[in-house]
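Observations on chain architecture
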Amino acid sequence: MKKIYVREEWCLGCHLCEYYCANANLGNGDMAKTLKGAAICPCIRVEEDDRISFAVPCRHCEEPHCKKSCITGAISVEGGVVRVDKDKCVGCFTCVLACPYGAVMPSADGHAVQKCELCLQNNTGGAPACVAHCPNRAIIFEEEAEVASA
Amino acid sequence: MKHVIIGNSAAAVGCVEGIRRTNSTDDILLIASEPHHTYSRPLISYLIAGKTDRQRMKYRPDDFYAANNVTALLGKTAVAIDPAAQTVALESGETVAYDTLLVATGSSPVVFPAEGLEQVQNMRTFTQLQDAEALLESVGENTRVLIIGAGLIGLKCAEGLRSRTANITVVDLAPLVLSSILKPTPAAIIRAHLEANGVGFRLGTSVAAFRTLPGGGYEAQLQSGETIAFDQLVYAAGVRANTALVKAAGGETNRGIVVNTLGQTNLPHVYAAGDCTESPDACTGQHKVMALLPNAYMQGEAAGMHMAAGGAPLPCAPEPLIPENAIGFFGKHILSAGIYFDDGAEGKYEDFDGENYRCFYYDASAQRLMGYILLGRAERAGIYTALIREATLLPEAQFQQLRREPGLIAFSPEVRAQALRKQVV
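Residues numbered from 1 in each chain as written. Chains lettered and ligands numbered in written order. Predicted model: local features only at pLDDT ≥ 70, side-chain atom pairs only at ≥ 80, totals over all residues. Heavy atoms only, no water.

Side note on the overall build of chain B
Cut-off, in case you're wondering: Under the scheme used here, helices are H or I runs from DSSP no shorter than 4 residues and strands are E runs no shorter than 2 residues, and both carry numbers assigned from the N terminus. Our radius of gyration looks at C-alpha atoms and nothing else; its globule reference is 2.2 Å times the residue count to the power 0.38. Residue burial is assigned from relative accessible area. The probe radius is 1.4 Å, only protein chains are included, and a residue is buried under 20% of its type maximum, exposed over 50%, and partly exposed in between. Note on contacts: a residue pair is in contact if any heavy atoms of the two residues lie within 4.5 Å.
From N to C terminus, chain B includes 11 helices and 26 strands. Expected size for 425 residues packed as a compact globule is a radius of gyration near 22 Å; at 23 Å, chain B falls within 12% of this value. Taking the principal axes of its C-alpha atoms as reference, chain B extends roughly 70 × 65 × 35 Å. Residue burial in chain B is summarised as follows: out of 425 residues, 54% are buried. Once local pairs closer than 6 in sequence are excluded, the contacts in chain B between residues at least 24 apart make up 61%.

Here it is in structure tokens:
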């Protein structure tokens, strides 16, 4: 399956991935109108210091701790994509406790969690907005490397 | 092969999914006392609060048994295991044979005797759907509720019932709330938060006697001398692992059924998982009861994979298990994992900004994060949990950076690349 990968040496620390992610999940309308004055709550988060920066999206783990830990059954794996049913989620944050990448987070209202679903849950048609709008190709969407058979 | 599962909650579901990871044809027979489709036990307090419903609290979709080709005997109780004959006897008189057996019998509430307790007709424990449904019937706006037990179950019940009545008092012999997961400082913060949301406490005391009042309702006489009038009693003073089936069959039990990381008991072909077990804590190596839903699922999955593998390699290694818990009350979240040091010990790092409390337990000589407690801000706490679960070597400078802010930036470029880059094979 295709996954999002991050190349930190190409990251400019511009945070555009966060804005495009937040906008995509708010309906993908006019970004200036949608996000004006709003605190954004993206599923991808940029980490940075004075030397480096890089974005952290969900890794869609093969053995997803968030899914195994979910107390409601709201997290499932569909075709390799780890997805969350916000209607089932009660916001207990057990998945936040469990994710080793810090990539499952409280949603803006705090009543459920959110995570990257490779833009399958919004209207971008499964073309991740963070990838499409990264100006330096620091975030890429590619097939997983095939493991050579022994 | 025929796999039999006793239980129908997280460990049982984990076992079904573990078996089906590698094997689509073996027979799976699941036996459970409760008549319901698998549901999430911890959600019963959310049901009371109106934050979920019977449909949404199902732990797996409606077609779970059919999709996994499981024969589910719901509403049937297993009463004995014969490990030599490899059979399970049911209360109904039937006997079922197994090639492998998973015991996922969970735990049961403990009720301690007290004078007059038998007179209290309006008494419930709080671990099953039927308990929540009974409380939804019995508790209204004017109901005075007395809850015995300020642990996870008692306090989630209090939070749920608070949406129905303003008159809730919690009594516990322990001087702290949530003594199983919190130390005194964070416990005091949570107690104050619960009090501010209308839950009353009488801690460090217990009920000496119950009386029926002539005009209706009841009265609890506390050891402290105070009396509390109430209409509904919820008994949440703790739970005990359901070990009886395995113990009677000659299996090793202690506070729970003793299992290894694959869920194997000392009885051949008999596995156990979930709240009925005690298993190795990956953080300390000690066997303990870690009765938490995520652990139950992962234990069940590991057992299921091994039950179906027949000696072949497993699709993945069993997940290391540690104490880890996330719970919230009236919007304030509590995340905790690992073990805590005694107050005053080296390696405790604590801060509180009036809103968010954080405490880390770092073993400088072993260079390992051993445990943490976070109140309030929860973001990215899983980065800490993973360090404990994986027993990651963590030099002090790295720990101090992570303590300030959880992030992958504290790790080496190689570790980050492993996590984030496309791997060239």
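Anyway, onward from the coordinates.
Quick word on the pattern of salt bridges
Opposite charge on two side chains permits pairing when their charged atoms draw close. Rules: For this analysis, a salt bridge means a side-chain nitrogen from Lys or Arg found within 4 Å of a carboxyl oxygen belonging to Asp or Glu.
A full pass over the atoms with the stated rule returns 34 salt bridges over all chains. Among the ionic pairs, Lys68 of chain A bridges to Glu63 of chain A, the shortest N-O distance being 2.7 Å. One network of salt bridges, with partners in common, ties together Glu63 and Lys68 of chain A together with Arg21, Glu301 and Glu319 of chain B.

Quick look at the interface of chain B and chain A
Just so we agree on the cut-off: What counts as buried area is the accessible surface, traced by a 1.4 Å probe, that two parts surrender upon association, with contributions from both included.
Chain B puts 48 residues into the contact, and the matching count from chain A is 45 residues. Of the roughly 3,800 Å² buried between chain B and chain A, counting both surfaces, carbon and sulfur atoms make up 56%. Viewed at the interface, chain A and chain B are joined by nine salt bridges. Between Arg21 of chain B and Glu63 of chain A there is a salt bridge whose closest N-O contact spans 2.5 Å.

As for the domain arrangement of chain B
All names here are of chain B. Quick reminder of the rule: Note that the domain bounds were set by an automatic or database domain assignment.
According to the domain assignment, chain B consists of domain 1 (2–107 + 240–308), domain 2 (117–237) and domain 3 (331–424). The C-alpha centroid of domain 2 is placed 30 Å from the C-alpha centroid of domain 1. With 13 residues of domain 1 at the interface, the matching set in domain 2 holds 15 residues. Summed over both sides, the interface of domain 1 with domain 2 buries roughly 1,200 Å², with 68% coming from carbon and sulfur. Where domain 1 touches domain 2, the interface holds one salt bridge.

Some thoughts on the sheet that holds strand β11 (residues 168–172) of chain B
Residue and element names in this part refer to chain B. Going by this rule: Only when DSSP finds a minimum of two bridges between them are two strands counted as paired. In this analysis, axes come from line fits to C-alpha atoms, helices being fitted only over the stretch in contact, and the angle between any two N-to-C directions falls in the range 0 to 180 degrees.
As summarised here, the arrangement of the five strands in space is β9-β16-β10-β11-β12, forming an open sheet in which the pairing is parallel. The outermost strands of the open sheet, each flanked by one partner alone, are β9 (123–125) and β12 (199–203). Direction aside, the axes of adjacent strands within the sheet are offset by 20 degrees on average. Pairing of strand β10 (residues 145–148) with strand β16 (residues 232–235), which is carried by four bridges, proceeds in the parallel orientation. Across the sheet, residue Val145 finds its bridge partner in β16, namely Gln232.

Looking at the packing of aromatic side chains
In this description, an aromatic ring pair is defined by two values, namely the gap between the centres and the angle between the planes. Residues and elements named next belong to chain B. Let me state the cut-off plainly: Only Phe, Tyr and Trp rings take part, Trp by its six-membered ring, and two of them pair if their centres are within 6.5 Å. Stacked means planes under 30 degrees apart, edge-to-face means over 60, and tilted covers everything else. A ring is considered to have a charge above it if a Lys NZ or an Arg CZ atom is located within 6 Å of its centre and within 35 degrees of its normal.
One pass over the structure, following the stated rule, counts 12 aromatic pairs over all chains. Through a chain of ring-to-ring contacts, three or more aromatic side chains come together here, namely Tyr349, Phe360, Tyr362, Tyr372, Tyr384 and Phe399. The ring of Tyr59 carries the charged tip of Arg60 above its face, separated from the ring centre by 4.4 Å. Taking the ring centre of Phe329 as reference, the NZ or CZ of Lys156 above it sits at 5.3 Å.

Details of the sheet that holds strand β13 (residues 207–212) of chain B
Residue and element names in this part refer to chain B. Here three strands make up an open sheet; going across it, the order is β13-β14-β15 and the pairing antiparallel. In the strand order of this sheet, the two ends are held by β13 and β15 (227–230), each with one partner. Recorded for the sheet is a direction-independent mean angle of 20 degrees between the axes of neighbouring strands. Strand direction decides the pairing type here: strand β14 (residues 218–222) and β15, joined by four bridges, are antiparallel. Of the residues in β15, the one forming a bridge with Tyr218 is Phe230.

A few points about helix α5 (residues 152–162) of chain B
Burial analysis of α5 of chain B places eight of its 11 residues in the buried class, which makes it a mostly covered element. Looking at α5 of chain B, one finds that the buried residues are Gly154, Leu155, Lys156, Cys157, Ala158, Glu159, Gly160 and Leu161 of chain B.

Points about the side chain of Glu34 of chain B
We count it as follows: For the purposes of these results, a polar contact is taken to be a pair of N or O atoms within 3.5 Å, where, inside protein, one atom must be able to donate a hydrogen and its partner to accept one; residues adjacent in sequence count only when each atom of the pair is a side-chain atom.
Mapped onto the elements of the fold, Glu34 of chain B is located in the loop between β2 (27–32) and α2 (44–48). A polar contact is formed between the side chain of Glu34 of chain B and the side chain of Tyr39 of chain B, at a distance of 2.6 Å.

Digging into the packing of helix α1 (residues 10–22) of chain B against helix α8 (residues 293–309) of chain B
Residue and element names in this part refer to chain B. Rules: Crossing handedness is defined as follows: a turn of the near helix away from the far one that is anticlockwise and smaller than a right angle gives a left-handed crossing, while the clockwise case is right-handed. Nonpolar residues are Ala, Val, Leu, Ile, Met, Phe, Trp, Tyr, Cys and Pro. Charged residues are Asp, Glu, Lys and Arg, and all others, Gly as well, are polar.
For the pair α1 and α8, interaxial distance at closest approach is 6 Å and the crossing angle is 35 degrees. As for the relative orientation of α1 and α8, their crossing is right-handed in sense. Contact residues: Ala10, Ala11, Val13, Gly14, Cys15, Glu17, Gly18, Ile19, Arg21 and Thr22 in α1; Leu293, Ala296, Tyr297, Gly300, Glu301, Gly304, Met305, Met307 and Ala308 in α8. The residue inventory of the contact of α1 with α8, partitioned by class, reads 11 nonpolar, five polar and three charged.

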